[in-house]
Amino acid sequence: MYNLVKFSRITKRRCLQTMFFTDIQQRNKLNGSSSTDRVSAVHEYTVFFKRAGNTTNIHTTSCVNMTGSNETNEKQRGALIVLEGCDRAGKTTQAQKLIKSLTDDGIKIKFMRFPERSTKIGRIINQYLSCADNLEDHAIHLLFSANRWELVAELLETLKEGTSVIIDRYAFSGVVFSAAKQGMALEWCKQSDVGLPKPDKVLFLNLSPEEARKRGDFGQERYEKEEIQKKVHEYYMELKDDSWKIIDASKNMDVVQEEIKKECLQTIKMTKQTLGKLWVVEESSE
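Below you will find a few notes about this structure. (Residues numbered from 1 in each chain as written. Predicted model: local features only at pLDDT ≥ 70, side-chain atom pairs only at ≥ 80, totals over all residues. Heavy atoms only, no water.)

**Details of empty space enclosed by the protein**
Part 1: Overall, the coordinates contain 1 cavity of 30 Å³ or more when judged by the stated rule.
Part 2: By volume, the largest cavity amounts to about 30 Å³.
Part 3: The wall of the largest cavity is formed by F172, K198, P199, V202, D241, S243, W244 and L278.
Part 4: Of the residues in the lining of the largest cavity, the class split is 5 nonpolar, 1 polar and 2 charged. (1 Å grid on protein atoms, 1.4 Å probe; cavity = no way out; pocket = protein on both sides within 12 Å on 5 of 7 lines; lining within 4 Å. Points joined across faces, edges and corners; volume = space filled by probe spheres on them. Nonpolar A, V, L, I, M, F, W, Y, C, P; charged D, E, K, R; others polar.)

**Details of helix α12 (residues 253-270)**
Part 1: In this model, α12 (18 residues) spans 26 Å end to end at C-alpha, consistent with the 26 Å of a helix rising 1.5 Å per residue.
Part 2: Among the residues of α12, V256, Q257, I260, K261, E263, C264 and T267 are the ones counted as buried. Taken around the axis of α12, the buried residues stretch over an arc of 165 degrees, which confines them to a single face. With respect to the buried face of α12, the exposed residues turned more than 90 degrees away are D254, E258, K262, K269 and M270.
Part 3: Those residues of α12 that are buried lie in contact with β1 (80-85), α4 (91-104), β3 (164-168), β4 (201-206) and β5 (244-248). (Helix = DSSP H or I, 4+ residues; strand = E, 2+ residues; numbered from the N terminus. Expected span 1.5 Å × (residues − 1). Buried < 20%, exposed > 50% of the residue type's maximum accessible area, 1.4 Å probe, protein only. Arc of directions from axis to C-beta. Contact = heavy atoms within 4.5 Å.)

**Regarding unusual backbone geometry**
Part 1: That bond from F114 to P115 is cis: its omega, 0 degrees, falls within 30 degrees of zero.
Part 2: Assignment of secondary structure puts P115 in the loop between β2 (109-113) and α5 (120-129).
Part 3: Residues other than glycine seldom take positive phi values, yet R88 does so here, at roughly 70 degrees.
Part 4: The class of R88 is partly exposed, set by a relative accessible area of 28%.
Part 5: Even without being a glycine, C131 presents a positive backbone phi close to 65 degrees.

**A word on the sheet that holds β3**
Part 1: Here 5 strands make up an open sheet; going across it, the order is β2-β3-β1-β4-β5 and the pairing parallel. The sheet is open, and its two borders are formed by β2 and β5, each paired with just one other strand. In this sheet, adjacent strand axes meet at a mean angle of 20 degrees when their direction is disregarded.
Part 2: Pairing of β2 with β3, which is carried by 5 bridges, proceeds in the parallel orientation. By the bridge assignment for β3, F111 is matched with I166.
Part 3: In the packing of α4 onto the sheet, contacts are made with β1, β2, β3 and β4, and the angle to β2 comes to roughly 165 degrees.
Part 4: Most of the contacts of helix α11 (residues 226-239) go to β4, to which it runs at about 150 degrees, and overall it touches β1, β4 and β5. (Pairing = 2+ DSSP bridges. Axes fitted to C-alpha atoms, helices over the stretch in contact; angles between N-to-C directions.)

**Things to note about the layout of surface pockets**
Any empty space left between the atoms is revealed when a probe the size of a water molecule rolls over them.
Part 1: Here the second largest pocket is characterised by a volume of approximately 620 Å³.
Part 2: Residue contributions to the lining of the second largest pocket peak at 4 residues, all from α12.
Part 3: Each residue belonging to the lining of the second largest pocket can be placed in one class, and the counts come to 7 nonpolar, 6 polar and 10 charged.

**Quick notes on the packing of aromatic side chains**
Part 1: Applying the stated criterion across every chain, the model contains 7 aromatic pairs.
Part 2: Aromatic pair Y170 and F172: ring centres 6.3 Å apart, planes at 55 degrees, arrangement tilted. Like Y170, the residue F172 is buried in the burial classification.
Part 3: With centroids separated by 5.3 Å and ring planes inclined at 80 degrees, the aromatic side chains of F172 and W244 adopt a geometry described as edge-to-face. Taken together, the positions of F172 in helix α8 (residues 171-179) and W244 in strand β5 put the pair 72 residues apart, joining distant regions of the chain. Note on accessibility: F172 and W244 belong to one class, buried. (Phe/Tyr/Trp six-rings, centres within 6.5 Å; stacked < 30°, edge-to-face > 60°.)

Such coordinate-based values are descriptive only and should not be taken to indicate function.
Here you go:
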């Protein structure tokens with residue numbers, strides 16, 4: 001008789017648990033809701049269990065795990081993804097196509113580009129790039145860097161909100177184009193960008209200077225000269241690390257876009273909560 005009563009209680013408890021978690025999934029109280037909603041849902045069902053004679057403690061974290069969600073109380077940050085490459089590699093075109101595609105898929109995404117020519121610093125840079133004005137090499141390099149730093153707060157806030165950011169050119173471009181000039185050391189050029197938010201992924205659109213020359217409008221801006229582009233490519237390869245993915249930009253545009261989107265989706269999915277700092281060696285936690 002005792003065994004039958006014990007079996008009955010176990011069966012009752014399991015039935016209640018099944019009803020509990022099924023109802024949570026159906027009402028979407030845990031997945032995609034705020035932490036306040038989750039705590040409210042858990043409290044509601046804790047009361048339900050106690051009234052039903054089951055005093056088992058229920059915690060928010062265990063409920064999240066049992067419903068199959070990896071969500072925690074801390075909002076997942078967005079991914080920082082950078083498109084780099086020599087001039088006329090198709091970065092801007094591919095970035096714009098990517099933004100539209102990800103937006104259509106319902107992914108929270110924002111587009112940024114450097115230099116950002118709409119700011120006060122950016123307008124000076126634009127005058128320089130269009131050959132309307134001249135500046136000393138070290139001075140213009142620091143202006144390029146300042147243009148990135150002036151938008152760091154906006155960038156970090158966007159990532160914190162859970163929106164991923166696609167950037168057309170970043171510090172890597174600033175460094176390699178300056179280093180390609182006579183008398184500009186690569187290590188010196190890196191220093192003003194040390195500590196910027198480190199990208200989760202850098203997608204390098206690889207296109208030879210010979211192929212770039214065949215594309216429209218090549219040569220209209222200051223740095224679009226074949227000898228400069230060759231040096232720029234060499235320095236890019238010196239900056240490359242494990243976060244980089246080399247993509248053949250000479251392929252069909254749609255093929256390139258498919259590869260870029262695949263890499264972006266994987267990066268967004270695998271993004272860690274902690275955002276690193278560019279060219280800052282992380283101290284070992286021993």
